[in-house]
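# Per-entry structural report
Here are the chains, one letter per residue:
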Amino acid sequence: MKRYVYINDSDTSPDLYRDNRISNRKYTIINFVPKNLYEQFSRFMNKYFLLIACLQLWSLITPVNPASTWGPLIFIFAVSATKEAWDDYNRYISDKQANEKNVWVVKKGIKTRIQAQDIRVGDIVWLRENDEVPCDLVLLGTSESQGVCFLETAALDGETDLKTRVIPPPCAGLTPDLLHKIKGVIECPCPDKDIRRFDANLRLFPPFIDNDLCPLTIKNTLLQSCYLRNTEWACGVAVYTGNETKLGMTRGLPEPKLTAVDAMIDKLTGAIFLFQLVVVVILGVAGNVWKSSEARKVSLDLVKSLYAKFIDWDLHMYDEKSDTPAHAANTGINEDLGQVEYILTDKTGTLTENMMVFRRCCINGVCYGNESGDALKDSDLARAIANKVPEVVKFLTVMAICNTVVPIKSASGSISYKSQSQDEDALVNAASCLHMVLTSKTGNFLDMNFNGLVLRYEILDTLEFTSDRKCMSVVVRDCQNGRIMLLSKGADEAIFPCISSEQQVRPVVEAVEHFAQLGLRTLCLAWRDLKEDEYRDWSIMYKEASSSLIDREWKVAEVCQQLEHNLELLGATAIEDRLQDGVPETIETLRKAGINFWMLTGDKQNTAIQIALLCNFISPEPEGQLLLIQGKNLDEVSRSLERVLLTMRISSTEHKDVAFIVDGWTLEIILKHHYEAFTDLAMLSRTAICCRVTPSQKAQLVELLKACDYRTLAIGDGGNDVRMIQEAHIGVGISGREGLQAARAADFSIGKFRFLKRLILVHGRYSYNRTAFLSQYSFYKSLLICFIQIFFSFVSGVSGTSLFNSFSLMAYNVFYTSVPVLMSVLDKDLSERTVMQHPQILFYCQAGRLLNPSTFAGWFGRSLFHAAVVFLVTIHAYSNEKSEMEELSMVALSGCIWLQAFVITLETNSFTILQHAAIWGNLIAFYVINFIVSTIPWAGMYTIMFRVCKQPAYWLTMLAIIILGMGPITALKYFRYTYRSSAINILQQLERSQPNTHSNPNLEAPIKNMEREVSPLSVTHPKSSKASVYEPLLCESPSTKRAAGVAAFDFLQASPSRLSIIYSRSKNN
């Protein structure tokens, strides 16, 4: 489908396209209630709430007042709906401000000021410096004589460097008066969300030009929400408006991610539902678990928001150099950070600084900078430049011309460069230091100064860089002699096949390999003289391909190949991109925590290997072994993959760090023809290096690991990492020199890679531990009441009579038991320093040791035991006929409240004033509230609290319930803590015995002793069909599955060279 935009012609199909009114609202007044309810009931848990609430309306099933059922349900869902409505209202206000902003447009040759929402397709919009672009425009004119303007696109793609936009050649030289009268038509595709592509054609009507067709690209556009910078004015014609702009098409609320903990909670809720069905069938009573489940939902949402704020407030993750704090954009997946098993990371800008420095080069087989480490200070190169050696001059000419850099001359005469690429910026600045200075670009002409000699070139065509071509070329005419030349630069794999067969390239190939082994980024430069008729014939084909609206990129690439051949190889450049501070230490620590690393980079193989060695990604021989998967065709790739897979399986029983490396071309063949075999390899390997990969391949690798049930985290800093970040369970973006696009698309953003260690080990682990306790405790307290009701049904003749009144049930779940547990957000089982020093304890979170069917069974058993204690003690103490059922109910409820105060106290690891206030203040509040309610005659509890509290039997009953209920639990916990200590228990003991010791010298011995007692942990969800080996306990219980025939895993002293337990699991599969 095509769109025809008539420039400055309001009479042509005025209502064919939508206006410029933008709307980011999720709801309308009409659809808010049904749409919001549909979204809330999309989860099984909420459907369960509704079902139980409906059953409560049937008096034959339950004696509970429906008000106690529907009241909390409506309240809790109203809270969620109110939050959604508030967020949507804020979006409406933001849209209103943008729609009512005043802009200048040309109407019938007259400049008029209107609101942005009234812009129509075809209107000419006039912008001034620092104005925001109100819709997608095709640039027609600027104040700059070069026909360029500068655009800040940070709001669109997050990139902070200014972009250069150019006017189409037919519009060059048009004055503002002529721009007011311009007429023509733009043939463009229908709206899409690709912000890096715009394939269109422009045809101006006479008298401006004789109906000549001009191709348009993204470089001729000004996209919505960008800002005009360093340009006095610019004007363009509106082609996409409103929500049909490229930004509008990309807008939308992200799909919610379901964490492993949420998935487990849904399963446990289903188990509770089945349990209730059994109770209903057998006893004819419905439990009250659903009320606590609702309270749990609200509590989890609240504490998860607090977890996110803890990340935002963490000054240890604040990068002072870039003034960048950590930020949690997704507040619902914090606990997943503690269960990460695979980290897939970009290299440039993520592991490295992305600050490119020109270090070395090879020209005509001669290397410069090898001795000094800096080619700019190499005396031999300086001598060659002074002598104007032809090969060296050509080399510097390509460095200075073959780029998209724009020189900016200040009032003082100094020249600075605006570049979209750090590599191009480094090359142009290096050429300037070597006396080949790019001084100006005016239209299609550029000027250079070489040792005082002014050189002028005309840019005829630019063959742009793409991720598929991996090279860039420009066709220029030397204005001094009229020669036409093709200047090319790109990756060695793209340039070497295009070199003339008559040229000897071995010296340059060896230099490139040497530079790559030093961890330097390499580019090859080449050159070819073109004949006039050759260029003329090629130019016709190029123009035709550039004007195509269908498969333009592919057609242009085909035409470019017809010109980029028989090149003269001039040499290669080597650019240094240094590692960020703390990267090796961070990777080493996280590998000790059982996390596997994959590096996904676009760099060449040797560069990726050297960076991997420098940052402890892989171990050198003999501790490590790197297996190469390669091949030029399907058969060679198949044999190579088979050999690597066989070697990996054999090595899985050895204490050796084995990794594999594969390039993008080979990976494409593997993913297409050997997906299952590569999946097996992925499950065996802790470390992988994938070089020369495209953004889509990065996302495919994340998807592959997710399909194996691994918890994945993807981290990157550039726009090419966005797909990978969005595909992973957890996306982390680094706010780097490539902009904020990755950070904005991610669930979490940080300033440097080293902060990932704290994000996972501290925030991820604490969030998982706290969420696991909160969710299971919520089940426990609701099951406690449910079991008491079941026990009461036996003594009441299974009549369905409720022991507790409606007010007590509602207050129990909403007030009495919810406030203390919310303070679990402050609980820390170990100090942050201990957690960072001993990352191996993250295995507990990865294996789901704190939330699984086994631990839930422990809490289930605790609730059954406590219910029996409360009910039997209460019945025995108040068994005489004079006791009213209301008194019995209040005594039982009081026993539950006292027990839960001590349960929370027992399960809390670190106390603060707020936690004490919440636990014991809540207990006091229970009595205050019930004393007040007991003074209300119509409340159904009149004088009850006054009567029971006057009785010594009441307080003796409370004491008996506490002793009988907490005694065995405390004894069992003490026994496990003292005689069957886990790694966490040992660390807790050492912390308490040596609170002021910064290093624990006595820690290694207890850990070694405990190694023999701890069963191997599965690093992820086991795939074996064997039954789980559960240990009976009442709280912290492991859920493990043992792999047959596998040696024990070094749990607390895992070295980087030791293979993960996933080897054993994969072998078992």
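The structure we're discussing is the one just above.
Residues numbered from 1 in each chain as written. Predicted model: local features only at pLDDT ≥ 70, side-chain atom pairs only at ≥ 80, totals over all residues. Heavy atoms only, no water.

### What about the overall build of the protein chain?
Within the protein chain, the regular secondary structure consists of 36 helices and 35 strands. The proportion of buried residues among the 1069 residues of the protein chain is 54%. Here the protein chain has roughly 44900 Å² of accessible surface; of this, 57% comes from carbon and sulfur atoms. (Helix = DSSP H or I, 4+ residues; strand = E, 2+ residues; numbered from the N terminus. Buried < 20%, exposed > 50% of the residue type's maximum accessible area, 1.4 Å probe, protein only. Areas by Shrake-Rupley, 256 points an atom, 1.4 Å probe, with all protein chains shown as cover.)

### Some details on the sheet that holds strand β32 (residues 730-734)
Spatial strand order, β14-β33-β32-β31-β15-β27-β30-β29-β28: nine strands in an open sheet with mixed pairing. What marks the edges here is a single partner per strand, and that holds for β14 (327-328) and β28 (624-629). As judged from the six bridges shared by β28 and strand β29 (residues 657-663), these two strands associate in the parallel manner. In the strand pairing of β29, Ile 629 is matched with Val 662. The strands touched by helix α19 (residues 664-673) are β28, β29 and β30 (687-691); relative to β29, the strand with the most contacts, the crossing angle is about 95°. (Pairing = 2+ DSSP bridges. Contact = heavy atoms within 4.5 Å. Axes fitted to C-alpha atoms, helices over the stretch in contact; angles between N-to-C directions.)

### A look at the sheet that holds strand β1 (residues 2-7)
Read across the sheet, four strands follow the order β1-β8-β9-β10 without closing on themselves; strand pairing throughout is antiparallel. Each end of this open sheet is capped by a strand with a single partner; those strands are β1 and β10 (213-216). Between one strand axis and the next, the sheet turns by 20° as a mean value, whatever way the strands run. Relative to strand β9 (residues 200-204), strand β8 (residues 184-189) is paired through four bridges, and the arrangement is antiparallel. Residue Val 185 lies in a different strand from β9, and its bridge partner there is Arg 203.

### Quick look at the side chain of Thr 687
Structurally, Thr 687 can be placed in strand β30. A relative accessible area of 0% places Thr 687 in the buried class. Among the polar contacts listed, one links the side chain of Thr 687 to the side chain of Arg 591, at a separation of 2.7 Å. Setting aside chain neighbours within four positions, we find Thr 687 in contact with Arg 591, Phe 597, Trp 598, Phe 617, Ile 618, Asp 657, Val 658, Ala 659 and Phe 660. (Polar contact = N/O pair within 3.5 Å; in protein donor to acceptor, adjacent residues only side chain to side chain.)

### Observations concerning the nonpolar core
Across soluble globular proteins, nonpolar side chains have a tendency to be buried as a group. Grouped together as the largest cluster of nonpolar side chains are 122 residues, with contacts concentrated most on Ile 343, Leu 713 and Leu 756. Per-element tally for this core: the top contributor is helix α24 (residues 755-795), with 22 residues. Those residues in contact with Leu 713 that sit more than four places away from it in its chain are Leu 337, Val 340, Tyr 342, Ile 343, Leu 344, Ala 728, Ile 730, Val 732, Leu 756 and Ile 760. Formed by 47 residues, the second largest nonpolar core is a distinct cluster that contains Leu 127, Cys 135, Leu 174 and Ile 218. (Core = buried A, V, L, I, M, F, W, Y, C linked by side-chain atoms within 4.5 Å.)

### Side note on helix α33 (residues 952-979)
Taking 1.5 Å per residue, 28 residues should reach 40 Å; α33 reaches 39 Å between its end C-alpha atoms and fits that length. Along α33, the sharpest change in direction is near 35° and occurs at Met 966; proline Pro 968 comes one to four residues later. By the burial criterion, the buried members of α33 are Tyr 954, Thr 957, Met 958, Ile 961, Ile 962, Gly 965, Met 966, Ile 969 and Arg 976. Buried-residue contacts for α33 involve α29 (853-877), α30 (885-907), α31 (913-933), α32 (944-950) and α34 (983-993). (Expected span 1.5 Å × (residues − 1). Bend = angle between axes of the 7 residues up to and from the residue.)

### A word on a nonpolar patch on the surface
Among the surface-exposed residues, Leu 972, Tyr 974, Phe 975 and Tyr 979 lie close enough to one another that they form a single nonpolar patch of about 440 Å² accessible area. You can call Leu 972 partly exposed: its relative accessible area is 33%. (Patch = residues over 30% accessible without salt bridge, like charges linked within 9 Å, V, L, I, M, F, W, Y side chains within 5 Å. Salt bridge = Lys/Arg side-chain N within 4 Å of Asp/Glu carboxyl O.)

### As for the pattern of salt bridges
By the definition in use, this model includes 40 salt bridges. Its salt-bridge partner being Glu 187, residue Lys 2 comes within 2.9 Å of it at the nearest N-O pair. Of the two residues, Lys 2 sits in strand β1 while Glu 187 sits in strand β8, which places them 185 residues apart along the sequence. Among the residues examined, Glu 187 registers a relative accessible area of 16% and is labelled buried. Across the pair Arg 862 and Glu 907 runs a salt bridge whose closest N-O atoms are separated by 3.1 Å. Taken together, the residues Arg 862 in helix α29 and Glu 907 in helix α30 connect sequence positions 45 residues apart. Residues Arg 862 and Glu 907 agree in their burial class; the two are buried. Within this structure, Arg 197, Asp 199, Arg 552 and Glu 553 form a network of salt bridges that share partners.

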